[in-house]
Amino acid sequence: MSRTIVAMPGDGIGKVVLPEAIKILDAAGFKANYVHGDIGWDFWCSEGNALPQKTLDLLKEHKIGLFGAITSKPKDDAARELAPELQGKGFIYFSPIVGLRQHFDLDICIRPCISFKGNPLNFIRKDGKGGYEEPIVNAVVFRQNTEGMYGGIEWTNPPKVVRDALETHPRMKAFKNAPSEEMAISTRIVTKKYTERIIRAAFEYAKKFGYKNVTVCEKPNVLRETSGMFLKIGRAVAKEYPGIQLWDTNIDAQMMWLTKNPEDYGVVVAENMFGDIISDGFAGLIGGLGFACSANIGEEVSVFEPTHGSAPKYEKLNPSIVNPIAMILSACMMLDHIGELVISDKIRKAIADVIEEGKVMTYDMMKLRGGPDVFEKGACTTQEMGDAIIKKLK
């Protein structure tokens, strides 16, 4: 049966890496129709909406999306780049991928950070005996995707009703002399329903794939209410999984420990911003964002994307230099989600073979600065990496 996938290249290098992923899906035997979904900076500038309704309608109909990357800019910069006829009309920029997650309740974000044998960017450390060792990194971060610090409930110059409500908290005494017009406020809201969903999903994943521990990575000694709720629910859910240990770490300490003993960690679960931070930290141990894939899973709709940004400075380089592997691995996560495990395993094996062989490497794998001169130093193009993976498909 042929599926329909909503393909949303977005901005910058998203327009480059998404076609490579589709090329490899086709070569591996995955049968699908791809419909284009508008999203990103161009639509903000021309329409005042980076997430057009027609794209939401496509996702509602077809349920599965592949997403490339988007460009996001600060509020004032975004306002300046609106079409002249839209300026001053009350349009406010909001990240379309965050909007997508919230609109479809894509609350479970899964970010595997798993090292490939032979990747020259893998983390190494001294072994204490005068030599070096390369620990195997096999961590999967579960990031709560719709709440927390990225919930979008913020004010600059909070209205009186908000200020009055905040003043009921004794800690606001420290800010009593700060004028509202000189104040900016961001909230961190977590709820029992979605905290329990992400923690249970993490434990279920650990159970399915044989991980021996789940780590709740928060900061309950300081963020006593929100992180405290996370840890409390984590302890309650852990009782249902007696074969899996529950660990809890503070986000700051975890960022230190992941470069000391990353092999100790299996599944890690955290609130939105902390999950974002910890997944990027682990991604740095497996080669960087060129290898960092993700899934955004909701009850009906799911969207799969690399975690890198749009890197607009590389968009117009011809030929392209960017690493498409994160996008291809995100497509593999899509295949896993819809039950096409044979094809996803085949693609991952081909990627592993190319990396271990070491003959075809993008500029980042060669530790080069990005630019058109990387080819003179032996780097492959984006398309050549895709072609090399196709040749290894079996």
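Predicted, not measured: the structure shown is a model, and the values here were computed from it.

What about the overall build of the protein?
Across its full length, the protein holds 14 helices and 14 strands. Here the protein has a C-alpha radius of gyration of 22 Å; the compact-globule value for 394 residues is 21 Å, and the two agree. Each principal axis of the C-alpha atoms in the protein carries an extent, and together these give about 65 × 60 × 45 Å. Taken over 394 residues, the protein has a buried fraction of 53%.

What about the packing of helix 13 (residues 341-357) against helix 14 (residues 382-392)?
The N-to-C vectors of helix 13 and helix 14 enclose an angle of 115°; their axes lie 8 Å apart at closest approach. Relative to helix 14, the element helix 13 is oriented roughly perpendicular. Judged by the twist between their axes, the crossing of helix 13 over helix 14 is right-handed. On helix 14, the residues touching Ala350, Ile351, Asp353, Val354 and Glu357 of helix 13 are Met385, Ala388, Ile389 and Lys392. Residue classes in the contact of helix 13 with helix 14 are distributed as six nonpolar, no polar and three charged.

Quick notes on the nonpolar core
Formed by 90 residues in total, the largest nonpolar core has its most connected members in Phe142, Phe282 and Ile347. No other element matches helix 12 (residues 325-337), which puts nine residues into this core. With near-sequence residues (within four places) excluded, isoleucine 347 lies in contact with Ile24, Leu25, Ala28, Ile328, Cys332, Leu335 and Leu393. Ranked by size, the runner-up nonpolar core spans 24 residues in total, among them Trp44, Ala50, Val98 and Leu100.

Description of the sheet that holds strand 1 (residues 3-10)
In spatial order, the strands read 2-1-3-14-13-4-7-12-10-11; together these ten strands make up an open sheet with mixed pairing. Taken across any chain shown, the strands that pair with only one partner, and hence form the sheet edges, are strand 2 (32-36) and strand 11 (245-250). Between one strand and the next, the sheet's axes are offset by a mean angle of 25°, whatever the strand orientation. Strands strand 4 (108-114), strand 7 (138-144), strand 10 (213-218) and strand 12 (267-270) of the sheet are contacted by helix 10 (residues 272-285), whose axis makes an angle of about 160° with strand 7.

Remarks on the side chain of lysine 219
Relative to the assigned elements, lysine 219 resides in the loop between strand 10 and helix 8 (226-238). The class of lysine 219 is buried, set by a relative accessible area of 16%. A distance of 2.8 Å separates a polar atom in the side chain of lysine 219 from a polar atom in the side chain of aspartate 252. With residues up to four places along the chain from it excluded, the contact list for lysine 219 reads Ser227, Asn250, Ile251, Asp252 and Phe274.

Topic: the pattern of salt bridges
Summed over the entire model, instances satisfying the criterion amount to 28 salt bridges. For lysine 117, the salt bridge identified is with glutamate 356, shortest N-O distance 3.6 Å. In this pair, lysine 117 sits in the loop between strand 4 and strand 5 (125-126) while glutamate 356 sits in helix 13, placing the two residues 239 residues apart along the sequence. The exposure class assigned to glutamate 356 is partly exposed, which follows from its relative accessible area of 44%. In the salt-bridge network here, residues are joined through shared partners; they are Lys192, Glu196, Arg200 and Glu240.

Focus on the state of the cysteines
All told, the structure shown has zero disulfides when counted by the stated rule. Cysteine 113 takes part in no disulfide bond, and the closest cysteine sulfur, belonging to cysteine 293, lies 7.8 Å away. The exposure class assigned to cysteine 113 is buried, which follows from its relative accessible area of 2%.

Quick word on helix 12
With 13 residues, helix 12 should reach 18 Å at 1.5 Å per residue; the first-to-last C-alpha distance of 18 Å fits that figure. Judged by how many residues are buried, helix 12 sits mostly within the fold: eleven of 13 residues are covered. Along helix 12, the positions that sit buried rather than exposed are Ile325, Ala326, Met327, Ile328, Leu329, Ser330, Ala331, Cys332, Met333, Met334 and Leu335. Trailing helix 12 by a residue or two, glycine 339 shows a phi angle of about 90°, which is positive.

Considerations on the packing of aromatic side chains
Under the counting rule described, the total for this entry stands at nine aromatic pairs. On the basis of an interplanar angle of 45° and a centroid distance of 4.6 Å, the ring pair of tyrosine 205 and phenylalanine 209 is categorised as tilted. You can see tyrosine 205 and its partner phenylalanine 209 sitting in helix 7 (residues 192-209), four residues apart, about one turn around the helix. By relative accessible area, which is 48% here, phenylalanine 209 ends up partly exposed. By way of ring pairs, the aromatic residues Phe142, Tyr205, Phe209 and Tyr211 are connected into one cluster. A cation over a ring is seen here: arginine 188 above phenylalanine 274, with NZ or CZ 4.8 Å from the ring centre.

Parameters at a glance
Residues numbered from 1 in each chain as written. Predicted model: local features only at pLDDT ≥ 70, side-chain atom pairs only at ≥ 80, totals over all residues. Heavy atoms only, no water. Helix = DSSP H or I, 4+ residues; strand = E, 2+ residues; numbered from the N terminus. Rg over C-alpha atoms; globule rule 2.2 N^0.38 Å. Buried < 20%, exposed > 50% of the residue type's maximum accessible area, 1.4 Å probe, protein only. Axes fitted to C-alpha atoms, helices over the stretch in contact; angles between N-to-C directions. Parallel < 35°, antiparallel > 145°, perpendicular 65-115°, else oblique. Left-handed = near helix turned anticlockwise from the far one by under 90°. Contact = heavy atoms within 4.5 Å. Nonpolar A, V, L, I, M, F, W, Y, C, P; charged D, E, K, R; others polar. Core = buried A, V, L, I, M, F, W, Y, C linked by side-chain atoms within 4.5 Å. Pairing = 2+ DSSP bridges. Polar contact = N/O pair within 3.5 Å; in protein donor to acceptor, adjacent residues only side chain to side chain. Salt bridge = Lys/Arg side-chain N within 4 Å of Asp/Glu carboxyl O. Disulfide = S-S within 2.5 Å. Expected span 1.5 Å × (residues − 1). Phe/Tyr/Trp six-rings, centres within 6.5 Å; stacked < 30°, edge-to-face > 60°. Lys NZ or Arg CZ within 6 Å of the ring centre and 35° of its normal.

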